[in-house]
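# Notes for the structure review
Single-letter residue listing:
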Amino acid sequence: MMLIRTILLMALCALSGFVYSQTASTTVSLTLPVVTLMDVEPTGSITLNFTRPTEAGNALVAPTPNTSKWINYTSAIASGGLTRRITASVNQVIAGVNIRLQAAAASGAGGGTLGTSAGQVTLTTTPTTIISGIGGAYTGNGANNGHGLTISLSTNTYANLQAQANTAIVITYTITE
């Protein structure tokens, strides 16, 4: 008798769970847009000046490389889309002078598939890749986030050098697929 009561009680408990169970569903629509944003932080220009030698027969002294600029970006690519890259170019070259740029490895508060530096490049008026392989990623905003930039000058062909003062060179950065 006790065994029958126990079996009946267990059966009623099992059935009551099925009787009182309910399910519901909700449809959620979302949009994840394609995003391609990039900037250089902090804003403002930099100054790099060669120093004249103090002794006859010595070469010009190249300026100390500038490391104050950072590239920040946000990227969300389309499904099956290509990775992105960042290129850099200058509006003009100076005879006898190399303008060099190097993007460091990504650091800071970002995440995702961050790009890879191409190492040090010499800038010309033709865009040159400085960072490649950017997928869905963000670098964080401002200095000390993203890719630190090192901008430097050096002489290349001394015979082509001509004195100049306050010559403005514009470096253009472009993010593209």
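Here we summarise the structure given alongside this text.

Rules and cut-offs
Residues numbered from 1 in each chain as written. Predicted model: local features only at pLDDT ≥ 70, side-chain atom pairs only at ≥ 80, totals over all residues. Heavy atoms only, no water. Helix = DSSP H or I, 4+ residues; strand = E, 2+ residues; numbered from the N terminus. Contact = heavy atoms within 4.5 Å. Buried < 20%, exposed > 50% of the residue type's maximum accessible area, 1.4 Å probe, protein only. Polar contact = N/O pair within 3.5 Å; in protein donor to acceptor, adjacent residues only side chain to side chain.

### Quick word on the environment of Ala168
In this fold, Ala168 is placed in the loop between strand S10 (147–155) and strand S11 (171–176). For Ala168 and Gln92, which are 76 residues apart along the polypeptide, the C-alpha to C-alpha distance reads 9.1 Å. Setting aside anything within four residues of it in sequence, one finds Ala168 in contact with Asn91 and Gln92.

### Notes on the side chain of Asn98
Looking at the element boundaries, Asn98 is found in strand S4 (residues 97–103). The exposure class assigned to Asn98 is buried, which follows from its relative accessible area of 14%. Among the polar contacts made by the side chain of Asn98, one reaches the side chain of Asn156 at a distance of 2.9 Å. Setting aside residues no more than four positions away along its own chain, Asn98 makes contact with Thr122, Ser152, Leu153, Ser154, Thr155 and Asn156.

### Regarding the side chain of Ser152
The topology assignment puts Ser152 in strand S10. Residue contacts for Ser152: discarding those within four places in its chain leaves Pro65, Asn98, Ile99, Arg100 and Gln120.

### Thoughts on unusual backbone geometry
Excluding glycine, most residues fall at negative phi; most peptide bonds, likewise, are trans. The omega torsion across Glu41 and Pro42 is -15 degrees, close enough to zero to call that bond cis. Structurally, the position occupied by Pro42 is in the loop between strand S1 (35–41) and strand S2 (66–76). Despite not being glycine, Asn144 shows a phi value in the positive range, around 70 degrees. The residue Asn144 is located in the loop between strand S9 (137–138) and S10 in this model. When its relative accessible area of 54% is taken as the criterion, Asn144 is described as exposed. Even without glycine at this site, Asn166 takes up a positive phi of about 50 degrees. Mapping Asn166 onto the fold places it in the loop between S10 and S11. Looking at Asn166, the relative accessible area reads 81%, which means it is exposed.

By themselves, these figures tell us nothing about what the structure is for.
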